[in-house]
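Summary of structural features
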Amino acid sequence: HMWELHAFRAWLVAYLTFATTGALVPSGNTALALWGSVLLMLGMPSSIIGNEIALRIGRRRQLYVVMGLSAALALVFGAASALPFGLLLALGAVYSTFVTADSASLTAGAVERALPGQRGATMAMHSLLGFASASIGPLAFGAALDFGGDAAAGSWFAGFAILALGVACGPVALMTILRKDDADERAKPDPQA
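One structure accompanies this document, and this report is about it.

Right, let's get into the overall build of the chain. When helices and strands are counted, the chain shows 8 helices and 0 strands. Order of helices (α) and strands (β) in the chain, N terminus to C terminus: α-α-α-α-α-α-α-α. The dimensions of the chain, computed from C-alpha atoms along their principal axes, are 70 × 30 × 25 Å. Within the span of the chain, comprising 193 residues, buried residues form 36% of the whole.

The following block contains the structure:
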C-alpha cells in the first residue's frame, strides 16, 4: 500500500506533465499541480469509506478486492497518457480512490490483530515497514524512468507497472500472514456440535 501510495503521490504531477506535453520540461502550467492535488485529495474520504465497506463485507475481502483493482488501475492509468486530458483525469480520479481505499483497513486490521499489551509495538512495526516501503516505491518508479527515458510512454507505463506489482503483493502477503490463523480456526471444535 505505502509503496504504491507514495510513488503515486511523488510522480502524479510529473505524469500529468508528460501526458500534456510529451516531456518533463518546465511548462509554467500550475494547473497540473492543482489537478494533481484534486486527485490526491480524493484519497482522504476513500480511506474512511474503504474501512466502512470492510466492516460490512469483511476486512480480508475488502483488501483483496481493493488491492487487486488498484493494481489493475495502475496498469490502465500508466497506459493512458495519450488519452484526452479530461478522460485521463477521470481515470486518475478512479485510480486515486483505490490507491487509498485500503489504508484505514490495513491500519485497523493491524490494531485489531495485535496481541494484548503489544498494540504500541505492533503499530510501530506497521509504521516502520510501511514508511520503509514508502521511501523505496518512488525510487523504483524513478529508476524505471531513468532506464527507459522520461519522454517514453513505455517508461511511464513501466513505472506504474512497478506500483501495480507492489500493491499486488499485498493480498499474497496477507494470505501468507493469515494462513496460520486460518489453520488454527479450522482446528477449533465446533461449539454447535
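Running from amino to carboxyl end, helix 1 (residues 2–21) crosses helix 5 (residues 85–100) at an angle of 180°, the nearest separation of the two axes being 12 Å. Considering the angle they form, helix 1 stands roughly antiparallel to helix 5. In this structure, helix 1 contributes Glu4, Leu5, Phe8, Tyr15, Leu16, Ala19 and Thr20 to the contact, and helix 5 contributes Phe85, Leu88, Leu89, Tyr95, Ser96, Val99 and Thr100.

Glancing now at the packing of aromatic side chains. Given two aromatic rings, their pairing is described by the distance between the two centres and the angle made by the two planes. Inspection of every chain in the model, using the stated rule, returns 13 aromatic pairs. With a centroid separation of 5.7 Å and an interplanar angle of 40°, the aromatic rings of Phe77 and Tyr95 are classed as tilted. One end of the pair, Phe77, is in helix 4 (residues 59–78); the other, Tyr95, is in helix 5, and 18 residues separate them in sequence. The residues Phe77 and Tyr95 share a single accessibility class, namely buried. Among the aromatic residues, those joined into a cluster by ring pairs are Phe8, Trp11, Tyr15, Phe18, Phe77, Tyr95, Phe141, Trp156 and Phe160.

Now for the nonpolar core. In this structure, Phe8, Tyr15, Phe77, Tyr95, Trp156, Phe160 and Leu163 are the most contacted members of the largest nonpolar core, which totals 34 residues. Of all the elements in the fold, those that place two or more residues in this core are helix 1, helix 2 (31–41), helix 4, helix 5, helix 7 (119–148) and helix 8 (153–187). Element by element, the count of residues in this core is highest for helix 1, at 9 residues. In this view, Phe8 contacts Leu40, Phe77, Tyr95, Ser96, Val99, Phe160 and Leu163; residues no more than four positions away in its chain are not counted.

With that out of the way, let us pick up the pattern of salt bridges. This structure, assessed with the given rule, holds 2 salt bridges. In this structure, the salt-bridge partner of Arg56 is Glu52, at a minimum N-O distance of 3.5 Å. In this pair, Arg56 and Glu52 both sit in helix 3 (residues 43–57), 4 residues apart, roughly one turn of the helix. A salt bridge links Glu112 to Arg59, with the nearest nitrogen and oxygen atoms 3.5 Å apart. Here Glu112 is found in helix 6 (residues 103–113), whereas its partner Arg59 is found in helix 4, with 53 residues between them in sequence.

A few words now on a nonpolar patch on the surface. Residues Leu34, Trp35, Val38, Met41 and Met44 make up a contiguous nonpolar surface patch of roughly 510 Å² in combined accessible area. A per-element tally of the nonpolar patch places helix 2 first, with 4 residues. Mapped onto the elements, Trp35 comes out in helix 2.

What follows deals with the packing of helix 1 against helix 4. Taken N-terminus to C-terminus, the directions of helix 1 and helix 4 make an angle of 15°; their axes are 13 Å apart at the nearest point. The angle between helix 1 and helix 4 places the two elements in the roughly parallel class. The chirality of how helix 1 crosses helix 4 is left-handed. Packed against helix 1, whose contacting residues are Glu4, Phe8, Leu12 and Tyr15, the element helix 4 presents Ser70, Ala74, Phe77 and Gly78 at the interface. Of the residues in the contact of helix 1 with helix 4, the class split is 5 nonpolar, 2 polar and 1 charged.

Rules and cut-offs
- Residues numbered from 1 in each chain as written.
- Predicted model: local features only at pLDDT ≥ 70, side-chain atom pairs only at ≥ 80, totals over all residues.
- Heavy atoms only, no water.
- Helix = DSSP H or I, 4+ residues; strand = E, 2+ residues; numbered from the N terminus.
- Buried < 20%, exposed > 50% of the residue type's maximum accessible area, 1.4 Å probe, protein only.
- Axes fitted to C-alpha atoms, helices over the stretch in contact; angles between N-to-C directions.
- Parallel < 35°, antiparallel > 145°, perpendicular 65-115°, else oblique.
- Contact = heavy atoms within 4.5 Å.
- Phe/Tyr/Trp six-rings, centres within 6.5 Å; stacked < 30°, edge-to-face > 60°.
- Core = buried A, V, L, I, M, F, W, Y, C linked by side-chain atoms within 4.5 Å.
- Salt bridge = Lys/Arg side-chain N within 4 Å of Asp/Glu carboxyl O.
- Patch = residues over 30% accessible without salt bridge, like charges linked within 9 Å, V, L, I, M, F, W, Y side chains within 5 Å.
- Areas by Shrake-Rupley, 256 points an atom, 1.4 Å probe, with all protein chains shown as cover.
- Left-handed = near helix turned anticlockwise from the far one by under 90°.
- Nonpolar A, V, L, I, M, F, W, Y, C, P; charged D, E, K, R; others polar.

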